[in-house]
Amino acid sequence: MMCALQLLFLILAATASINAVTYDVTVPTEWWQENVLYQLWVKSFKDSDGDGKGDLNGIKSKLSHFVDLGVTCIWLSPIYESPMVDSGYDISNYTSVGTNFGTLDDFDALIAAAHELGLKVIVDFVPNHTSEEHEWFVKAKQGIEPYYSYYVWNKGVYYGDYLSYPNNWLDIFNEGTVWEWVEEREAYYLHQFGVHQPDLNWTNPLVMAEIKNVLTFWLDRGVDGFRIDAVPYFVESSTLKNESRSNVDVDSTNYLYLNHTQTKDQPENYPIVKEWKEHINNYAAAKGNDEVRFICTEAVSDIEYVMKWYDYGDDVPFNFFFIRNGDIAINVVLDTAQDIYNIFVKWLDHMPSDKTANWLLGNHDINRIASRVGLYRTDGLHFISLLLPGVFTMYNGDELGMTDTYLTWEETTDVRACSTTNTTYTLYSRDPARTPFQWDNTTSAGFSTNSTTYLKVNPNYVTVNLAAEKEADFSHYKNIQKAIRLRDTTVWREGTVDIEVIDDQIVAMARQLDGEDPIVVLMNWENSTTTIDLDDYFENLPDTLELVIADMYSGLNDNVGDTYDKSSLEIPEHGSMVLLGVCSQNHH
Ligand code: NOJ
Ligand code: MG
């Protein structure tokens with residue numbers, strides 16, 4: 001039921017010319033559609049045995065953190081056996097747990113404990129490449145079939161007497177060619193990522209069969225889904241054509257040197273994921289249960305290519321537009337309110353109907369969001385992202401406002417940075433966003449009893465830590481927790497979406513539904529205070545709105561609970577506000 005005033009306004013406004021674009025909303029019916037998905041960088045989350053590295057038992061001991069925050073599903077970064085050249089994205093055994101992380105029994109215990117608390121668990125799944133230490137590749141190098149054909153080989157091309165690789169393709173870690181010579185085989189293997197990560201041959205049906213067995217193995221252990229790594233890179237063009245020169249001025253070994261038309265986003269990639277989704281669905285059917293599992297994919301590509309994943313059984317193609325500009329090597333620009341608005345509407349404008357939107361602000365491959373936009377803007381971005389419809393993916397530590405940790409060249413371990421130089425590595429290193437989670441102000445931030453940790457702890461842990469933020473009246477943690485709680489409303493699930501950019505300064509978003517208190521989020525991106533009349537931008541709002549969350553730097557903390565007149569709303573510099581329209585009878 002609408003408020004009487006609202007109804008009156010609706011009649012009056014029927015001919016008003018407000019340009020708001022209103023989006024239809026897919027009402028969630030499955031658990032994953034309401035996910036607050038939490039990405040755990042396992043090695044940095046919680047160390048249970050004092051070796052300075054995070055592990056599965058550590059996670060198990062901290063499950064209450066997810067329940068408290070309102071997280072519904074956790075995603076574990078790779079926990080498998082691995083030489084850890086690329087932090088576990090180089091897997092040497094897909095059906096194992098790496099000794100540093102624990103054992104399969106620890107994994108089973110973690111799943112059981114999580115499920116007990118109503119939490120879902122998904123695992124990282126890395127099928128584009130294995131580690132060079134995987135048994136399949138070891139045998140492939142010896143020429144043993146069928147394993148040799150599990151990988152992508154090429155005999156090379158003669159230029160006169162001189163043998164070289166077949167084309168100019170470059171690897172993503174800026175090491176140069178994707179082709180690596182193996183003397184024993186007199187052939188090159190292909191690696192789209194690092195040289196220690198040979199690509200699997202996704203045109204070989206035997207590879208599909210092996211990998212389906214891997215999925216079954218983890219389904220048998222009770223996982224609720226998979227995050228699938230590097231989907232745009234599965235199949236490379238069989239023509240082996242050279243890629244053209246880009247217009248970016250970089251060194252010829254830099255990935256940005258070429259346009260990746262032959263090695264990325266090939267049409268053959270999509271049906272592969274579809275086949276896995278069918279396999280996962282068939283698994284549930286065969287077990288005679290109706291447990292729904294979900295998949296999400298990592299595709300940093302242009303929007304058309306990303307959206308296409310929705311048509312191939314992918315529940316959530318990750319929305320990376322707050323991270324990269326379509327290209328895995330180009331960081332997005334987040335300078336103005338218009339930039340921010342454009343990113344939100346880009347997804348809403350392109351998403352096919354009946355699909356679930358998704359938002360994320362950070363991950364393990366980029367500098368932390370708080371360091372990219374400033375702490376005073378971090379909460380506002382979270383408020384909008386969490387209160388738009390769809391899945392939100394949170395990178396561990398972002399709920400505390402953790403910032404990048406400065407690491408020297410000597411301290412840097414990331415493979416992507418180590419192939420660069422001591423003057424350029426900070427442009428490439430992913431370590432600053434991967435340092436230990438800050439639990440409290442004790443030794444190693446409560447992450448480990450060991451005072452030496454595999455990556456050093458950010459010195460700001462003394463004040464920036466979960467315990468302190470729980471203690472404080474106002475904190476990033478508490479704000480984000482409150483925003484997550486607001487997802488538990490009918491207006492969040494079913495309400496319409498309006499999003500606006502106001503005076504190049506404010507990003508404003510409203511969710512409305514008949515008879516429900518509307519949610520309005522206002523984020524002032526700039527450092528000047530401004531006053532707006534909400535009626536100029538949104539129809540049907542009630543006259544007064546209650547401030548329910550204010551970002552910590554807005555100066556409005558003490559005003560939480562106050563009501564505001566919609567016709568003259570002052571938004572402080574860099575301030576973000578979440579307001580609830582005082583409308584329904586049962587408002588409290
Ligand atoms: C994407 C992952 O997010 C990244 O961390 C990793 O290096 C590559 N895939 C290779 O697996
Ligand atoms: Mg590939």
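On a predicted model such as this, the values are computed, not experimentally measured, just so you know.

Quick notes on the rules
Residues numbered from 1 in each chain as written. Chains lettered and ligands numbered in written order. Predicted model: local features only at pLDDT ≥ 70, side-chain atom pairs only at ≥ 80, totals over all residues. Heavy atoms only, no water. Helix = DSSP H or I, 4+ residues; strand = E, 2+ residues; numbered from the N terminus. Contact = heavy atoms within 4.5 Å. Areas by Shrake-Rupley, 256 points an atom, 1.4 Å probe, with all protein chains shown as cover. Lys, Arg positive; Asp, Glu negative; His and termini not counted. Charge placed at Lys NZ, Arg CZ, Asp CG, Glu CD. Pairing = 2+ DSSP bridges. Near = heavy atom within 4 Å. Polar contact = N/O pair within 3.5 Å; in protein donor to acceptor, adjacent residues only side chain to side chain. Nonpolar A, V, L, I, M, F, W, Y, C, P; charged D, E, K, R; others polar. Buried < 20%, exposed > 50% of the residue type's maximum accessible area, 1.4 Å probe, protein only. Right-handed = clockwise from strand over helix to strand, strands pointing away. Disulfide = S-S within 2.5 Å. pLDDT = per-residue confidence, 0-100. Domains from an automatic or database assignment. Buried area = accessible area lost by both parts, 1.4 Å probe. Salt bridge = Lys/Arg side-chain N within 4 Å of Asp/Glu carboxyl O. Donors = N, O, S within 2.8 Å, 3.2 Å for Na, K, Ca; no water. Core = buried A, V, L, I, M, F, W, Y, C linked by side-chain atoms within 4.5 Å.

## Looking at the overall build of the chain
The number of helices and strands found in the chain is 15 helices and 22 strands. Projected onto its principal axes, the C-alpha coordinates of the chain cover approximately 85 × 55 × 55 Å. When contacts within the chain are restricted to residue pairs at least 6 apart in sequence, long-range pairs at least 24 apart make up 68% of them. Surface exposure of the chain reaches about 22600 Å², of which carbon and sulfur atoms provide 48%. Computing the positive centroid from 39 side-chain charges and the negative centroid from 88, the chain places the two 5 Å apart.

## A look at the sheet that holds strand 8 (residues 179-182)
Spatial strand order, 5-9-8: three strands in an open sheet with antiparallel pairing. Every interior strand has two partners, whereas the edge strands, strand 5 (153-154) and strand 8, have only one. Bridge analysis of strand 5 against strand 9 (residues 187-190) gives two bridges, and the strand direction is antiparallel. Of the residues in strand 9, the one forming a bridge with Trp153 is Tyr189.

## Focus: the site of ligand 1
Around ligand 1 lies a shell formed by Asp86, Tyr89, His129, Phe173, Phe193, Arg227, Asp229, Glu298, His364, Asp365, Arg430 and Arg434. Interatomic distance of 3.0 Å between a side-chain N/O atom of His129 and an oxygen atom of ligand 1. The contact in question runs from an oxygen atom of ligand 1 to an N or O atom on the side chain of Arg227, over 3.3 Å. When ligand 1 is considered free in solution it has 290 Å² of accessible area, and contact with the protein chains removes 99% of it. Residues belonging to the shell around ligand 1 are distributed by class as follows: three nonpolar, two polar and seven charged.

## Considering the pairing of strand 11 (residues 294-297)
Burial along strand 11 is two-sided: the residues Phe294 and Cys296 and Ile295 and Thr297 are all buried. Of the strand pairs in this sheet, strand 10 (residues 225-228) and strand 11 are connected by four bridges, and their pairing is parallel. Residue pairing for strand 11: Ile228 is matched across the bridge by Thr297. Chirality of the crossover, the property in question, places the unit of strand 10, helix 7 (residues 269-286) and strand 11 among those that are right-handed.

## Topic: the pairing of strand 10
Residues of strand 10 alternate between two faces, with Gly225 and Arg227 on one and Phe226 and Ile228 on the opposite face, all of them buried. Of the strand pairs in this sheet, strand 4 (residues 120-125) and strand 10 are connected by three bridges, and their pairing is parallel. In the sheet register, Val123 faces strand 10, and the bridge partner there is Phe226.

## Focus on helix 14 (residues 476-485)
Most of helix 14 sits out of view: seven of its 10 residues are buried. Inspection of helix 14 places His476, Tyr477, Asn479, Ile480, Gln481, Ala483 and Ile484 among the buried residues, and these make up the whole buried set.

## Observations regarding the state of the cysteines
The final tally for this structure, using the stated rule, is zero disulfides. Cys73 carries a free sulfur, and the closest cysteine sulfur to it, the one in Cys296, is 7.8 Å from it. Classification of Cys73 as buried rests on a relative accessible area of 0%. The buried category is assigned to Cys296, whose relative accessible area is 0%.

## Points about the confidence of the model for the chain
Looking at the chain as a whole, its pLDDT mean stands at 94, while 96% of the residues score no less than 70. Confidence over residues 1-17 falls short of pLDDT 50; this stretch has 16 contacts with residues more than four positions distant or in other chains.

## Regarding the domain arrangement of the chain
Domain assignment breaks the chain into domain 1 (3-25 + 493-581), domain 2 (129-201 + 236-266) and domain 3 (408-462). Look at where the C-alpha atoms of domain 2 and domain 3 centre, and you get two points 31 Å apart. Contact with domain 2, which involves four residues of that partner, is made by five residues of domain 3. Together, the buried faces of domain 2 and domain 3 total about 430 Å²; carbon and sulfur atoms form 54% of this surface. Inspection of the domain 2/domain 3 interface yields zero salt bridges. For the pair domain 2 and domain 3, the number of links is two residue pairs in polar contact (both at pLDDT 80 or more). Looking at the side of domain 2 that touches domain 3 residue by residue, the classes come out as one nonpolar, two polar and one charged.

## Looking at the pattern of salt bridges
According to the stated counting rule, one finds 21 salt bridges in the structure shown. With its nearest N and O atoms 3.9 Å apart, the salt bridge here joins Asp220 to Lys287. Of this pair, Asp220 sits in helix 6 (residues 205-220) while Lys287 is found in the loop between helix 7 and strand 11, placing the two residues 67 residues apart along the sequence. Its salt-bridge partner being Arg293, residue Glu291 comes within 3.3 Å of it at the nearest N-O pair. Looking at Glu291, the relative accessible area reads 45%, which means it is partly exposed. The network of salt bridges with common partners includes Asp86, Asp365, Asp414, Arg430 and Arg434.

## A few points about the coordination of the magnesium ion (ligand 2)
The coordination sphere of the magnesium ion (ligand 2), as far as protein atoms go, consists of Asn128 (OD1), Asp199 (OD), Tyr233 (O), Phe234 (O) and Glu236 (OE), spread over 2.1 to 2.6 Å. Read in sequence order, the donor residues for the magnesium ion (ligand 2) give the motif N-x70-D-x33-Y-F-x1-E. Placement of the pair is Asp199 in the loop between strand 9 and helix 6 and Tyr233 in the loop between strand 10 and helix 7, with a sequence separation of 34 residues. In this pair, the class of Asp199 matches that of Tyr233, namely buried.

## Focus on the nonpolar core
For soluble globular proteins, nonpolar side chains are generally found buried alongside one another. Grouped together as the largest cluster of nonpolar side chains are 148 residues, with contacts concentrated most on Ile59, Leu76, Phe226 and Trp276. Residue contributions to this core peak at eight residues, all from helix 9 (residues 337-350). Once residues within four sequence positions are removed from consideration, Leu76 is found in contact with Leu40, Val42, Leu56, Ile59, Phe107, Leu110, Val121, Ile122, Val123 and Asp124. In terms of nonpolar packing, the next biggest core, distinct from the first, is built from 20 residues, Ile502, Val520, Tyr537 and Ala550 among them.

## Overview of the side chain of Ser444
Mapping Ser444 onto the fold places it in the loop between helix 12 (415-418) and helix 13 (466-471). Side-chain polar atoms of Ser444 contact the backbone oxygen of Asn450, separated by 2.6 Å. Setting aside anything within four residues of it in sequence, one finds Ser444 in contact with Asn450, Ser451, Thr452, Thr453 and Val457.

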